[in-house]
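Here is what each chain is made of, one letter per residue.
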Amino acid sequence: MLQATPGSESIWLWIGTIGMTLGMLYFIARGWGVTDKEQQRFYVLTIFIPATAAVSYFAMATGFGLTEIDVAGETLSIYWARYADWLITTPLLLIDLALLAQASRNTIYTLVGLDVLMIVTGLIGALAQTPAIRIVWWGVSTALLVFLLYVLVQSLNEAASRQTESVRSLTTTLRNMLIVLWLAYPVVWILGTEGTIEFIPLYVETAAFMVLDLTAKVGFGYVLLRSHNVLDEVAHVD
Ligand code: RET
């Protein structure tokens, strides 16, 4: 695979690597003494989220996760390793939230299916060589995201209505965080180097994705895991 050398944006990739590693260590330390099997589920899922991202950020910072694509006579630096990270971690985030709300298996499969298609179509868009085709893939991926968020709101409302008040309120907080953060990704993509207008230069785009990734993974995980008493209630409803 064609590898390239990261430019000055690598500072953000190193910060991302360190942030994800610290997040992972923090979740491991928090979960160490947890013996309740149901609570452990949330820890297992939530620990693998920053762990996967730490690997991806390290790969990007060292140039492995970077390739160059020629688009209409211009060379774009594309960090493809992001998509490998997102392909694994975004389903884990959705499963975390769906388990909290005790959504049905079919809901989980639907959310994960839409999510995987969203990331794969985004990756194809990032690697496509014709500007118009890139935008079409972005449109497809964004439509999948909007549909995913719609299904998420509908199904969580329904599932959470069977939960206790505190589980419902934690579900709503996390759901709102997820909606706001996830909607920012297609915006950064289309305004950044991937969207070819390069309204946002690669240096700023890399910083923006790093802040979004840290908040959507470590911030989200922190809010979920800090509420032990609430996680207990999830386990004991039924
Ligand atoms: C892409 C491509 C352009 C269109 C859309 C995208 C959506 C990406 C999302 C990523 C979420 C990542 C998270 C990562 C870490 O925690 C792929 C940028 C819609 C929603 C939450």
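Residues numbered from 1 in each chain as written. Predicted model: local features only at pLDDT ≥ 70, side-chain atom pairs only at ≥ 80, totals over all residues. Heavy atoms only, no water.

Q: Please explain helix α2 (residues 37-61) as it appears in this structure.
A: Because each turn of an α-helix spans 3.6 residues, side chains separated by three or four positions end up pointing in the same direction. With 25 residues, α2 should cover 36 Å at 1.5 Å per step; its first-to-last C-alpha distance of 36 Å lies within 8% of that length. Capping the start of α2, D36 holds a side-chain oxygen 2.9 Å from the backbone nitrogen of E38, two or three residues further along. (Helix = DSSP H or I, 4+ residues; strand = E, 2+ residues; numbered from the N terminus. Expected span 1.5 Å × (residues − 1). Polar contact = N/O pair within 3.5 Å; in protein donor to acceptor, adjacent residues only side chain to side chain.)

Q: Any chance you could explain the environment of T46 here in plain terms?
A: Within the secondary structure, T46 sits in helix α2. C-alpha of T46 to C-alpha of S161: the two residues are 115 residues apart in sequence and 24 Å apart in space. Filtering out sequence-adjacent residues up to four positions away, T46 remains in contact with F27, D96, G221, L224 and L225. (Contact = heavy atoms within 4.5 Å.)

Q: What is the right way to look at the site of the ligand in this model?
A: Close to the ligand lie 17 residues, the nearest being W138, S141, W182, Y185 and K217. Measuring from an oxygen atom of the ligand, one finds a side-chain N or O atom of K217 at 3.1 Å. Notes on the ligand: free accessible area 530 Å², of which the protein chains cover 100%. Mapped onto the shell around the ligand, the elements with two or more residues apiece are α3 (81-101), α4 (105-127), α5 (131-160), α6 (165-191) and α7 (202-225). Residue classes in the shell around the ligand are distributed as 11 nonpolar, 4 polar and 2 charged. (Near = heavy atom within 4 Å. Areas by Shrake-Rupley, 256 points an atom, 1.4 Å probe, with all protein chains shown as cover. Nonpolar A, V, L, I, M, F, W, Y, C, P; charged D, E, K, R; others polar.)

Q: What is the right way to read a nonpolar patch on the surface from this model?
A: There is a patch of nonpolar side chains on the surface, built from L87, I88, V116, V120 and I124 and spanning about 340 Å² of accessible area. For the nonpolar patch, the element with the most residues is α4, which contributes 3 residues. Residue classification places V116 among the partly exposed residues on the basis of a relative accessible area of 30%. (Patch = residues over 30% accessible without salt bridge, like charges linked within 9 Å, V, L, I, M, F, W, Y side chains within 5 Å. Salt bridge = Lys/Arg side-chain N within 4 Å of Asp/Glu carboxyl O. Buried < 20%, exposed > 50% of the residue type's maximum accessible area, 1.4 Å probe, protein only.)

Q: I would appreciate a short explanation of the nonpolar core in the present structure.
A: Across soluble globular proteins, nonpolar side chains have a tendency to be buried as a group. Counting 74 residues, the largest nonpolar core has L100 and W182 as the members making the most contacts within it. Ignoring anything within four residues of it in the chain, the contact list for W182 reads T90, L93, L94, D115, M118, L145 and L148. (Core = buried A, V, L, I, M, F, W, Y, C linked by side-chain atoms within 4.5 Å.)

Q: What is the right way to read the pairing of strand β2 (residues 74-79) from this model?
A: A regular strand places its side chains on the two faces of the sheet in alternate fashion. Relative to β2, strand β1 (residues 66-71) runs antiparallel, the two sharing 6 bridges. Bridge pairing links E68 to S77 in β2. (Pairing = 2+ DSSP bridges.)

Q: Before we go on, may I ask you to explain the pattern of salt bridges in this structure?
A: Side chains bearing opposite charge may pair, as long as their charged atoms lie close to each other. Inspection of the entire model under this criterion finds 4 salt bridges. K217 is the salt-bridge partner of D85, the closest N and O atoms lying 3.2 Å from each other. Separated by 132 residues along the polypeptide, D85 in helix α3 and K217 in helix α7 bring together distant segments of the chain. The class of K217 is buried, set by a relative accessible area of 3%. For R162, the salt bridge is made with E158, and the minimal N-O distance between the two is 3.4 Å.

Q: Could you clarify how one ought to interpret the packing of aromatic side chains in this entry?
A: Aromatic ring pairs are described here by two measures, namely the spacing of the ring centres and the angle between the planes. Applying the stated criterion across every chain, the model contains 10 aromatic pairs. Taken together, a centroid distance of 5.6 Å and an interplanar angle of 70° make the contact between F64 and W80 edge-to-face. Of this pair, F64 sits in the loop between α2 and β1 while W80 sits in the loop between β2 and α3; the two residues are 16 residues apart in sequence, bridging distant segments of the chain. Residue F64 is classed as partly exposed on the basis of its relative accessible area of 46%. (Phe/Tyr/Trp six-rings, centres within 6.5 Å; stacked < 30°, edge-to-face > 60°.)

Q: I would appreciate a short explanation of the side chain of T90 in the present structure.
A: Among the structural elements, T90 can be located in helix α3. Overall, T90 belongs to the buried group, its relative accessible area being 9%. Excluding residues within four positions of it along the chain, T90 makes contact with D115, I119 and W182.

Q: Before we go on, may I ask you to explain the environment of I47 in this structure?
A: Mapped onto the elements, I47 comes out in helix α2. With 147 residues separating them along the chain, I47 and E194 place their C-alpha atoms 30 Å apart. Sequence-distant contacts of I47, defined by excluding residues within four places in its chain, comprise M24, F27 and I28.

Q: I would appreciate a short explanation of the environment of T17 in the present structure.
A: Summarising the element assignment, T17 is placed in helix α1 (residues 10-31). A residue is classified by how much of its surface remains accessible, and T17, at 10% relative accessible area, is buried. The sequence separation of T17 and T171 amounts to 154 residues, and the corresponding C-alpha distance is 28 Å. Sequence-distant contacts of T17, defined by excluding residues within four places in its chain, comprise A54, Y57, F58 and A61. A polar contact is formed between the side chain of T17 and the backbone oxygen of L13, at a distance of 2.7 Å.

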